[in-house]
Structures are given as C-alpha cells and as structure tokens.
Amino acid sequence: MSIDAKLVGARDVHVHYGEAHVLRGVSLTIRAGEAIGLLGRNGMGKSTLIRTLMGHLRASRGRIEIRGQDGARMRPDRVARSGIAYVPEGRAIFGNLSVRENLMVAARPGTGGRDDWPLPRILDTFPRLGERLDHGGQQLSGGEQQMLAIGRALSTNPDVLILDEATEGLAPRIVQEIWRIIGTIRATGIASLIVDRNFRTVLANTDRVVVLEKGLVVLEDRSAALAAQPVELARRLGV
Amino acid sequence: MSARARLAAPLVVTAAFAAFPLLVTGFYLEFTTKVMILAIFALSLELLVGATGLVSLGHAAYFGIAAYATLLLSPQYTAANFFWLLPATMVCAAIYALAVGALSLRTKGVYFIMVTLAFAQMAYYVFHDTPLGGGTDGIYLNVKPAVAIAGWTIVDLGNPRTYYYVVFGCLVLVFAFLAILLESRFGRALAGIKSNEQRMRAAGFPTFWYKLAAFTLAGALAGLSGFLVAVKDGFVNPEMLSWHESGAVLLMLILGGMGRLSGAVLGAFAFALLQLFFQWEVVFGNFAQHWQLLLGGTIIASVAFMPQGLIGLPAQLRAWRSRRAARARDA
C-alpha cells in the first residue's frame, strides 16, 4: 500500500451532544503507515472525534470515509473489521476473561487475510502477558491491563491503531514501557492515531500532529516542525 | 479443589443420578425427573443471564409454547413420532424467541426486562383467553409420543424409570453442549458482551446478532424442557407461560449462583427441594399453606448472605475462614 493511501478521512465533521456543539468542522486524514498525534486540553473533542470515526457517535454534519467508503453510517463492528483497531480510554479489557481469552476472542486476519500478529508475536512484544496468560483480566495491574488492551487490538491485524490516553494513570516506568511498545508497533508500518496528555512524548513518537481547541483544528503540522514552536504549543496545550 | 477432585466430582454426581432409579420408585423418581427438567430450563436461562448478561423475565413463554406445541402437534388418537415432534416443538419455541429477541434486544436494562415480560404475557393471554389451547382449563395429551424407528418402539416414554433416563440424558447433553459452547469463540464473545458490549463492537463483533443467536438458542433449549414436561405430565395449561414461572426460573439461577452452569442445576434442585420442604405439614403444620412466604424469605436471605449463590458458598466459606485466621493471628 502506498504512503498516500488514505485509510481514514474526516471532512468538516460536526458532532453535537444535545445542545452542545462539540466538534465544529474537524477534518483529519490518516494515511497508511503514518503516526498522528491528536492533542488538545481536556474537553476539546479528542475522544469525541475518535468515537465518531469509530462509529460510536454519529456526526450531525460532514463526511467520514473508511477505506474510501462512507463511514458516517457504519456500525462500530464494521469499522473495526475494516482494519481500524481502537484502544479506548480506561482499562479496555474484558475482566471476566483470562489474558489468553482476551487475546483470542478478538483475533482475526487483517485485510487481505494478513496474519502479522499471531499470539506468539504478541507475547514477544508483551512478555509480561506471556507470564500471566491464565490470569483473569481483573487480576492484572493497570499497566498490564493496558498492554492487554493494545495486544488485543493488535490481534485483529489492524492497518490503523487508535490509542486514546493509553498511558493515563500509569506509573512512569510503565509509561516508558508502553511508549517503547508504541514505537515498536509504529516501526511495523501500522498507522496510528495517538491521544496522550504528554505532548512532548507524542511529538517525539509521531510524524504529524493535529491540535484541537474547542472542537476546531487550530494547529496541524509535522511533529518535528511543531516541536520547534514550544511557545505556541505551551499556549495551546499548557495547563 | 485439586484437578483430580474437579474431574471426579461431576463423574460421581453423574453416576449417582444414573443409579438413582435403581434405588427408588414412585414419587421420588417422578420428583427428580421433574427437577431435572427444571434444571434444563434453568440452564437455558443461564445462557442468557449468566453468560450474556441479558436478564429476561419472559423465559417461560418458550417453555410454555413448546409444551403447547407438543400437545397441539400430536395426533389425537395415535402416538406422534418423538424424532420429529421434539425438533418441531423446539423450533416453535425458537421462532418465538427469534421474534421476541429481534425486537427486545434493541432495548437495554430495565426496558429489556419489561419488553421480554410483555411478550411472554402476550403469549400467556393467547393461550389463556382463546380456545387454541383449551383456555384456562388447558389441554391433555391422549397418547405419549413414541420413540420408534420404522414402526418399532425402542423406548417406552410411559415408563417412569425409562423417562427418567431420557430426561437425564437430555440434561447431560444440554449441560455438555453449553459447556462446549461457552468455551468456544462464540461463548467468549458472549462473555465479552456481558463485560462490555461497546468494547466488543469496537473489537469488530456485530453484538446484536450474537445476542440474538444466544436468545434464540436459549428459547429452543427452554422449548426442550417444555416438551419434556408436557410429555411427562400429559397436560398443559396457560400457567406454564405466566410471569410466575419466568420469575421462578430466575430465582433458581439466583439461588444456585449465576455465571456457572452447575449453579443453574444446583439452583433448580435447591428451589424444588425448598418448595417441597416448606410444603411439609409434618414440620410446618397449617403454616405449610403459606410456603411461598417461607420460600421468599429464604431467597431474600440467600441473596443477602450468599451473593454468589450456593455454587459460590465453598469459596465464600474459605474466604471467611482465612479472614478469621488472619484476625486471630493479628490478635
């Protein structure tokens, strides 16, 4: 697949929660192999945009494309089966299933029948999970649960991996480990959309960054270029 | 529990049930047959409530519809063939479950409970208020179905001991089928839906169709228990579809412990034995006529003191003992 191949596209997307106008005409494109950082302060619409792309929320206006098809009315399971894996905010595991079952239940070939992420490869990437295969999901630490959620997303052999606050609430050592894994996944050529509070780490681990403010894209550039604008970034993202 | 004990326990229980008709006759044999049918009914609901997290308050509809279908599809003066009658009654129950599921699964939580109840009550009133099933009087089965191949009867369903083994075989098969199903990818998907449906959709599962498949299958299995009870008693009435019956099977699961198949079986036995015990005039005298009060109180107490049901009691006792030992050490 060429680098220009568009996997996910949003054009002038508006989303309302009742009276609240949360997204006010957001456009975003994810191309094959590209790592994109989605930044913004709390409540600026990052998770809403992701949930809309994944089909969990309906856009009130605008166009969403998933692999060139109209994604605005696509159900979440169809979006997922189009090769878009989503690791939502929070501990996105099935607590009543074991680690092995969590990984096996979602496993399926990717587009074109690819099986790049069989169980042994996932366990190589997350050695901690290999040691706890028969543990219940609820018996894992927060970091392990997050690794399991990412591992489960990889077991679907995705073309795009969407990570919403994957390091939130984790110990610094575990955060480092998660970022190392994200780097490994990026090197395999899977496109990614990463939401995280630590914008400096996001800039260091992505090709391009999009900054949302009050439901609008206010900054969009190559990560390296934005990293050279610390004052502007601090103004948009600083507490 | 050790692996050997875990393997031995079901074998011992199965052997005990297989040997039971050799030791008893009459009331106890019939009672145990009835309770095994209730256990199949409870297992069918366990697939919905315990495995998928769908609390249905209308499960008796499929039980009753299959029971009525058994009598309505049987010829009046000759025996129907078991091999087509049983699947036909299960299909009747499954079709109604499919229709109810297709509509009710679009709702969630308390709305789902109420919609399933409403559909069950609709079915109840069809049999209660129309001549289709003999109205409130119900209808009788003149001739029990024949388990026959090429006109040669191989099993006599009229013999209580034989019928016990037929029901026992059905219970073992349903238990084994559900155990395998819940270990399969389909079963894991149901467990995932119970844990978090939105997450399962995000993982690429069309959850509605999975739930509808579970709902229809649960209806078909409830239909099996309806067929068995209709053949056993040779009589059906609208009360089989009533909300009392749906509530009773839900109480069996609560009493036995939800989330485990053996809990459903244990719950059916506990419920039936408690019912029998509280109706015992030798112990309770005239108060035995208020057995529902005693049974209700017992279930309330069991929910309060055994939140995981009877099946979770050993683990609960172990936890209590270890807490007590820890307190003693600290003191």
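Above: the structure in question.
Rules behind the numbers
- Residues numbered from 1 in each chain as written.
- Chains lettered and ligands numbered in written order.
- Predicted model: local features only at pLDDT ≥ 70, side-chain atom pairs only at ≥ 80, totals over all residues.
- Helix = DSSP H or I, 4+ residues; strand = E, 2+ residues; numbered from the N terminus.
- Buried ≥ 20, exposed ≤ 12 C-beta atoms within 10 Å, placed from the backbone.
- Rg over C-alpha atoms; globule rule 2.2 N^0.38 Å.
- Contact = placed C-beta atoms within 7 Å.
- Pairing = 2+ DSSP bridges.
- Axes fitted to C-alpha atoms, helices over the stretch in contact; angles between N-to-C directions.
- Nonpolar A, V, L, I, M, F, W, Y, C, P; charged D, E, K, R; others polar.
- Parallel < 35°, antiparallel > 145°, perpendicular 65-115°, else oblique.
- Left-handed = near helix turned anticlockwise from the far one by under 90°.

A. Layout of the overall build of chain B. When helices and strands are tallied, chain B shows 14 helices and four strands. For chain B, the proportion of its 331 residues judged to be buried stands at 42%.

B. Inspection of the overall build of chain A at higher detail. Each helix and strand counted, chain A has 10 helices and 10 strands in total. Computed over its C-alpha atoms, the radius of gyration of chain A comes to 17 Å, within 12% of the 18 Å expected for a compact globule of 239 residues. Overall size of chain A, expressed as C-alpha extent along the three principal axes, is 45 × 40 × 40 Å. Going through the 239 residues of chain A one by one, you find that 43% of them count as buried. Counting only contacts in chain A whose residues sit at least 6 apart along the sequence, the fraction spanning at least 24 positions is 68%.

C. How the structure looks around unusual backbone geometry. Residue and element names in this part refer to chain A. At Arg67, a position not held by glycine, the phi torsion is positive, near 50°. Position of Arg67 among the secondary structure elements: in the loop between β4 (61-66) and β5 (69-70). On the basis of neighbour count, Arg67 is assigned to the partly exposed category, with 17 C-beta atoms found within 10 Å.

D. Quick peek at helix α1 (residues 46-53) of chain A. Residues and elements named next belong to chain A. Among the eight residues that make up α1, eight are buried, leaving the element largely enclosed by the rest of the structure. Listed in full, the buried residues belonging to α1 are Lys46, Ser47, Thr48, Leu49, Ile50, Arg51, Thr52 and Leu53. Downstream of α1 by one or two residues, Gly55 has phi in the positive range, about 90°.

E. Structural detail: the sheet that holds strand β2 (residues 20-31) of chain A. Residue and element names in this part refer to chain A. The strand order across the open sheet built from four strands is β2-β1-β4-β5, with neighbouring strands paired in antiparallel fashion. Two strands in the sheet have a free side with no partner beyond their single neighbour: β2 and β5. Sitting on the sheet, α1 touches β1 (6-17), β2 and β4, and the angle it makes with β2 is about 65°.

F. Looking closely at the environment of B:Asn237. Residues and elements named next belong to chain B. Along the polypeptide, Asn237 turns up in the loop between β4 (235-236) and α10 (243-256). Judged by the 20 C-beta atoms lying within 10 Å of it, Asn237 is buried. Residues Asn237 and Ile299 lie 62 residues apart in sequence; the distance between their C-alpha atoms is 27 Å. Beyond its immediate sequence surroundings of up to four residues, Asn237 is in contact with Asp137 and Gly138.

G. Looking closely at the sheet that holds strand β6 (residues 84-87) of chain A. Residues and elements named next belong to chain A. The strand order β6-β7-β8-β3-β9-β10 describes an open sheet built from six strands, whose pairing is mixed. Of all strands in the sheet, those with a lone pairing partner are β6 and β10 (216-222), marking the two edges. Between one strand and the next, the sheet's axes are offset by a mean angle of 15°, whatever the strand orientation. As paired elements, strand β3 (residues 35-39) and strand β9 (residues 208-213) share four bridges and run parallel to each other.

H. Local environment of the interface of chain B and chain A. Contacts between chain B and chain A engage 16 residues on the former and 20 residues on the latter. Those elements that place two or more of their residues in the side of chain B that touches chain A are α7 (185-195) and α8 (197-202) of chain B. Tallying contributions element by element places α7(B) first for the side of chain B that touches chain A, with seven residues. In terms of residue class, the side of chain B that touches chain A is built from six nonpolar, five polar and five charged.

I. Molecular detail of the packing of helix α2 (residues 26-52) of chain B against helix α6 (residues 160-183) of chain B. Residues and elements named next belong to chain B. Look at α2 against α6: their axes get within 9 Å of each other, and the N-to-C directions meet at 15°. Between α2 and α6, the angle falls in the class roughly parallel. Viewed along their axes, α2 and α6 form a crossing whose handedness is left-handed. Packed against α2, whose contacting residues are Leu29, Glu30, Thr32, Thr33, Met36, Ile37, Ala39, Ile40, Leu43, Leu47 and Ala51, the element α6 presents Pro160, Arg161, Tyr163, Tyr164, Val167, Phe168, Cys170, Leu171, Val174, Phe175, Leu178 and Leu182 at the interface. In terms of residue class, the contact of α2 with α6 is made up of 19 nonpolar, two polar and two charged.

J. Here's a closer look at the packing of helix α3 (residues 60-73) of chain B against helix α9 (residues 207-233) of chain B. Residue and element names in this part refer to chain B. Orientation of α3 relative to α9, taken along the N-to-C sense of each, is 50°, at an axis distance of 7 Å. Looking at the two axes, α3 sits oblique to α9. For α3 against α9, the interelement crossing comes out right-handed. Touching Tyr62, Phe63, Gly64, Ile65, Ala66, Ala67, Thr70 and Leu71 of α3 are Gly219, Ala222, Gly223, Ser225, Gly226, Phe227, Val229, Ala230 and Val231, all from α9. Classifying every residue of the contact of α3 with α9 gives 11 nonpolar, six polar and no charged.

K. Looking closely at the pairing of strand β3 (residues 152-155) of chain B. Residues and elements named next belong to chain B. For strand β2 (residues 147-149) and β3, the ladder comprises three bridges, and the chain directions are antiparallel. For Ile149, the partnering residue across the bridge sits in β3 and is Trp152. Here β2 hands over to β3 after two residues, with Ala150 in that stretch at a positive phi of 55°.

L. The arrangement of the environment of B:Arg260 in detail. Within the secondary structure, B:Arg260 sits in the loop between α10 and α11 (261-278). Separated by 88 residues in sequence, B:Arg260 and B:Val172 have C-alpha atoms that sit 15 Å apart.

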